[in-house]
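Reading the structure
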Amino acid sequence: MGRKSFRSRKQRSKPQGDGSTDPRGSKSYPETVKENAKFREYYKSQNILSDEEFEEFYKALQTTLPTTFRITATQANAIQLREVVQNVLVPSMQSIEVDGTVYEPPTPIPFYPDNYGWQVNAPRNVLRRSPEFSHFQKFIVSETEAGNISRQEAVSMVPPLLMDIKPHMWVLDMCAAPGSKTAQIIEAVHANDLLNELPTGLVVANDADYKRSHMLVHQSKRLQSPCFIATNHFGQQIPTVHVKDENGNKVAWQFDRVLCDVPCSGDGTLRKNETIWNDWSCGQALGLHRTQVQIFLRGAQLAKVGGRIVYSTCSFNPIENEAVVAEVLRLTGGALELKDMSSALPELKRKPGLTTWKVMTKDEKYINSIDDIEEPRQRAKFPESAFPPADAESLHLERCLRIYPHQQNTGGFFVAVFDKVKPLTAADRVREGTLDADKVQESEIKEEGLVEAVGEAAESPAEETTSETPGSKRPAEEPKAQPVKKIKQDVTQPKEAPFQLMDPTNSDVDEVMEYYGIDPTFPRDQYILRCEEEAKNRTIYFCSKSVKKVLESEDFERLHVVNTGVRLFVRQNMNDHAAFRLTADGLPLLERVIVDDRRKIEISDEDLKTLLTELMPKVDRLTAATQEKLQKLDVGSCIFMIDVAKAFNRPLDQTLSMSLPIWKGKASVNLLINKQDKKSLCQRIFGVTPADANPVHDDQSARDQEGGKSA
């Protein structure tokens with residue numbers, strides 16, 4: 001999406017173009033002129049649409065993009081939020097009139113399954129001026145801050161929907177930040193959670209920027225998947241990691257599904273990123289073309305035979321779209337097949353991919369081949385793969401999906417879906433038994449070298465006499481000048497605390513299993529520690545069997561892992577009570593495997609309101625029935641359970657169970673969720689905002705809580 005567009009840094013200081021006030025001051029800026037003659041001429045010359053339809057397309061770009069959002073949460077919580085939106089909020093916004101205009105209430109996005117995607121049809125200024133819309137906006141803001149709702153462009157939701165992900169699959173998201181699509185992928189892997197199944201799949205979400213890779217962790221926080229790993233690498237340099245297969249043999253990791261949502265110029269986001277009107281140029285696409293080819297090619301190498309790769313951009317430019325597709329199809333020599341997706345997502349309006357296009361230089365001159373470039377150095381650096389291939393028809397480029405803003409009131413997007421149908425790499429040939437183990441390492445080095453070679457012409461000045469096709473390695477002029485070919489250095493990552501699997505015989509494992517009554521069949525060998533010496537054994541995480549395989553790999557040090565595992569327990573600094581307390585992060589997983597009901601208490605909606613509106617309420621503030629149950633427990637963690645459907649002013653149609661982690665002290669109780677989650681729950685259910693206190697976050701030590709002190 002546009003969050004990956006490589007725009008000039010100077011745009012950040014430009015006005016937003018909506019006539020609004022600068023958020024850092026009171027100075028007002030003029031509106032952006034939504035007109036760019038070069039953009040218009042370039043895309044009109046590409047014949048992307050008929051003359052008449054092009055005018056509709058261009059007018060749509062000049063309008064503001066509607067707000068769209070997607071419910072992103074655990075399955076049970078997602079159902080609850082959907083019920084609130086469609087059965088409580090939307091019915092209250094029918095036929096709302098503001099200044100003589102009647103505005104439609106929010107509507108489901110037609111192509112998004114199960115009404116989990118929504119479009120807000122009223123402009124932002126209307127949202128603030130109508131009490132009904134204002135209440136809805138506060139709900140959206142609160143749930144977004146809590147991470148339960150993701151404000152995501154409708155077209156950005158398309159690529160994961162076309163991946164056809166199942167819970168057993170290993171999935172790689174190569175350029176994942178900020179993580180909206182990653183969240184969709186995690187949800188698909190956890191599709192059977194309501195059947196009480198722990199998925200056997202794996203989700204690896206990667207980003208080249210270290211800070212942005214941490215955004216992946218934040219975005220996926222609501223889903224708390226033990227199958228998730230966040231990594232920090234250049235997409236084209238994601239390393240080969242060897243793991244053990246079901247027979248105990250060491251094999252290179254491969255993925256059933258790969259998403260290549262690559263960095264792009266981002267002109268498909270014009271309706272949202274208005275600064276593009278001022279600084280658009282065709283040169284941005286040319287500058288990114290080789291990187292896009294590299295990332296896509298590496299994705300193809302990491303996919304299994306029989307697996308699926310989805311390539312996407314938020315650009316209209318064929319240089320970033322069909323040209324990249326054609327080049328990777330050429331480089332992979334029949335290993336990939338471009339799929340016809342015309343019957344998928346029938347409610348999504350789209351156009352076919354282009355089979356021919358024009359190429360313009362950065363000097364804004366149309367050329368038919370690189371021979372039309374007179375300057376030798378520029379000619380050598382220009383990507384020959386930017387031109388339409390001679391065999392375009394046989395590649396079936398029309399099977400690509402082009403999504404235009406005028407068709408369904410969206411942004412612009414490009415998607416292409418591929419099946420890997422033949423062996424391409426050493427890993428493929430090992431799996432089919434046609435490559436000896438002693439030749440694997442040599443082949444893997446060649447594969448990584450091929451990806452690097454694609455970008456060499458752009459990075460190194462070429463000589464006039466070079467006759468190699470772009471993407472091949474140039475020979476060194478002198479052995480002394482280039483004695484050894486070095487692989488381009490990967491990202492420099494700050495040192496992270498290492499991840500270490502706990503010994504299953506560790507006494508801490510025994511203690512939590514016994515204290516909380518965890519099912520003895522729950523795996524003991526998948527607990528993780530983050531190994532900072534000063535905090536060792538303070539927090540216990542849990543990972544899936546697939547993540548465990550990666551952690552046990554001899555190549556694990558090659559991976560720049562930012563985060564993995566779900567935090568289940570935090571150590572208490574207390575001598576006479578529970579050694580570990582529950583966390584909000586781990587409760588959705590733990591409540592399914594805690595078979596001893598001693599520490600589970602059903603509460604009323606009155607109790608829930610007390611917990612959400614008061615800070616560490618005294619036990620006697622709860623109902624008599626809850627007090628009686630609490631008196632039977634010693635100081636420590638417990639779980640409060642409630643059917644929240646009954647708590648709404650307008651009761652919902654179905655049961656919506658919710659569990660909350662609680663610290664029961666000697667005289668009070670503490671709801672172990674953070675301030676924002678508490679606020680969003682309170683507003684969602686009771687329509688009120690809790691007192692602005694600083695409740696104890698569930699990642700703070702129990703020594704700060706009343707439970708370890710005399711009351």
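Residues numbered from 1 in each chain as written. Predicted model: local features only at pLDDT ≥ 70, side-chain atom pairs only at ≥ 80, totals over all residues. Heavy atoms only, no water.

What follows deals with the overall build of the protein chain. Along its length, the protein chain carries 23 helices and 29 strands. Carbon and sulfur atoms form 47% of the exposed surface of the protein chain, whose accessible area is close to 31500 Å². (Helix = DSSP H or I, 4+ residues; strand = E, 2+ residues; numbered from the N terminus. Areas by Shrake-Rupley, 256 points an atom, 1.4 Å probe, with all protein chains shown as cover.)

Before going further, it helps to examine the packing of helix α5 (residues 131-146) against helix α23 (residues 675-686). Orientation of α5 relative to α23, taken along the N-to-C sense of each, is 150°, at an axis distance of 8 Å. In terms of orientation, α5 and α23 fall into the roughly antiparallel class. Handedness of the α5/α23 crossing: left-handed. On α23, the residues that touch Lys138, Phe139, Ser142, Glu143, Glu145 and Ala146 of α5 are Gln676, Asp677, Lys679, Ser680, Gln683 and Arg684. For the contact of α5 with α23, the per-class residue count stands at two nonpolar, four polar and six charged. (Axes fitted to C-alpha atoms, helices over the stretch in contact; angles between N-to-C directions. Parallel < 35°, antiparallel > 145°, perpendicular 65-115°, else oblique. Left-handed = near helix turned anticlockwise from the far one by under 90°. Contact = heavy atoms within 4.5 Å. Nonpolar A, V, L, I, M, F, W, Y, C, P; charged D, E, K, R; others polar.)

Burial of strand β24 (residues 566-571) is extensive: five of the six residues sit out of reach of the surface. Here β24 runs beside strand β25 (residues 580-582); their pairing, made up of three bridges, is antiparallel. In the sheet register, phenylalanine 569 faces β25, and the bridge partner there is leucine 582. (Buried < 20%, exposed > 50% of the residue type's maximum accessible area, 1.4 Å probe, protein only. Pairing = 2+ DSSP bridges.)

Another point: the sheet that holds strand β28 (residues 657-664). Taken together, the four strands give an open sheet; going across it, the order is β26-β27-β28-β29, and neighbouring strands pair in mixed fashion. Bordering the open sheet on either side are β26 (600-602) and β29 (669-671), each of which pairs with just one other strand. The sheet shows a mean angle of 35° between the axes of neighbouring strands, taken without regard to direction.

Counting buried positions along helix α11 (residues 322-331) gives eight out of 10 residues, so the element sits mostly inside the fold. Among the residues of α11, Glu322, Ala323, Val324, Val325, Ala326, Glu327, Val328 and Leu329 are the ones counted as buried. Buried residues along α11 sit against α10 (283-302), β13 (303-313), β14 (336-338), α13 (392-395), β18 (401-403) and β19 (413-420).

Right, let's talk about the environment of valine 619 for a bit. Assignment of secondary structure puts valine 619 in the loop between α21 (605-613) and α22 (624-630). For valine 619 and lysine 664, which are 45 residues apart along the polypeptide, the C-alpha to C-alpha distance reads 8.6 Å. Contact partners of valine 619, with chain neighbours within four places excluded, come to Gln627, Leu630, Ala667, Ser668 and Val669.

Attention now moves to the sheet that holds strand β20 (residues 499-501). Read across the sheet, five strands follow the order β20-β21-β22-β24-β25 without closing on themselves; strand pairing throughout is antiparallel. Edge positions in the open sheet fall to β20 and β25, since each of these has one partner strand only. Between one strand and the next, the sheet's axes are offset by a mean angle of 35°, whatever the strand orientation. Helix-sheet contacts for helix α18 (residues 507-516) involve β21 (527-530), β22 (539-542), β24 and β25, and the interaxial angle to β25 is about 50°.

For the peptide bond that leads from alanine 177 to proline 178, omega is 5°, which places it in the cis range. Looking at where proline 178 falls in the secondary structure, it is placed in the loop between β7 (170-173) and α7 (180-189). In the Ramachandran plot, asparagine 47 falls in the positive-phi region, its phi being about 55° despite a non-glycine side chain. In this fold, asparagine 47 is placed in the loop between α1 (37-45) and α2 (51-61). A positive phi angle, near 60°, is found at histidine 396, a position not held by glycine.

We now examine the packing of α21 against α23. When two helices pack together, their arrangement is given by the angle between the helix axes and by the axis-to-axis distance. Remark: α21 packs on α23, axes separated minimally by 9 Å, with the N-to-C direction vectors making an angle of 140°. As summarised for this structure, α21 and α23 are arranged oblique, according to the angle between their axes. Handedness of the crossing formed by α21 with α23: left-handed. Contacts between α21 and α23 involve Asp605, Leu608, Lys609, Leu611, Leu612 and Thr613 from the first element and Lys678, Leu681, Cys682, Ile685 and Phe686 from the second.

As a further point, take the state of the cysteines. In the structure shown here, the tally under the stated rule is zero disulfides. Looking at cysteine 260, it has no disulfide partner, and the nearest cysteine sulfur is the one in cysteine 175, 7.1 Å off. (Disulfide = S-S within 2.5 Å.)

Looking now at the packing of aromatic side chains. Enumeration according to the criterion identifies 26 aromatic pairs in this entry. Relative to tyrosine 58, the ring of phenylalanine 39 lies with its centre 6.4 Å away and its plane at 35°, an arrangement referred to as tilted. Within this pair, whereas phenylalanine 39 is found in helix α1, its partner tyrosine 58 is found in helix α2, the two being separated by 19 residues in sequence. Each member of the pair, phenylalanine 39 together with tyrosine 58, is buried. Aromatic pair phenylalanine 69 and phenylalanine 136: ring centres 6.2 Å apart, planes at 50°, arrangement tilted. Here the residue phenylalanine 69 occupies a position in strand β1 (residues 67-71), and phenylalanine 136 occupies one in helix α5, the gap between them amounting to 67 residues. The burial state of phenylalanine 69 is the same as that of phenylalanine 136; both residues are buried. (Phe/Tyr/Trp six-rings, centres within 6.5 Å; stacked < 30°, edge-to-face > 60°.)

Geometric descriptors of this kind do not, in isolation, establish any biological role.
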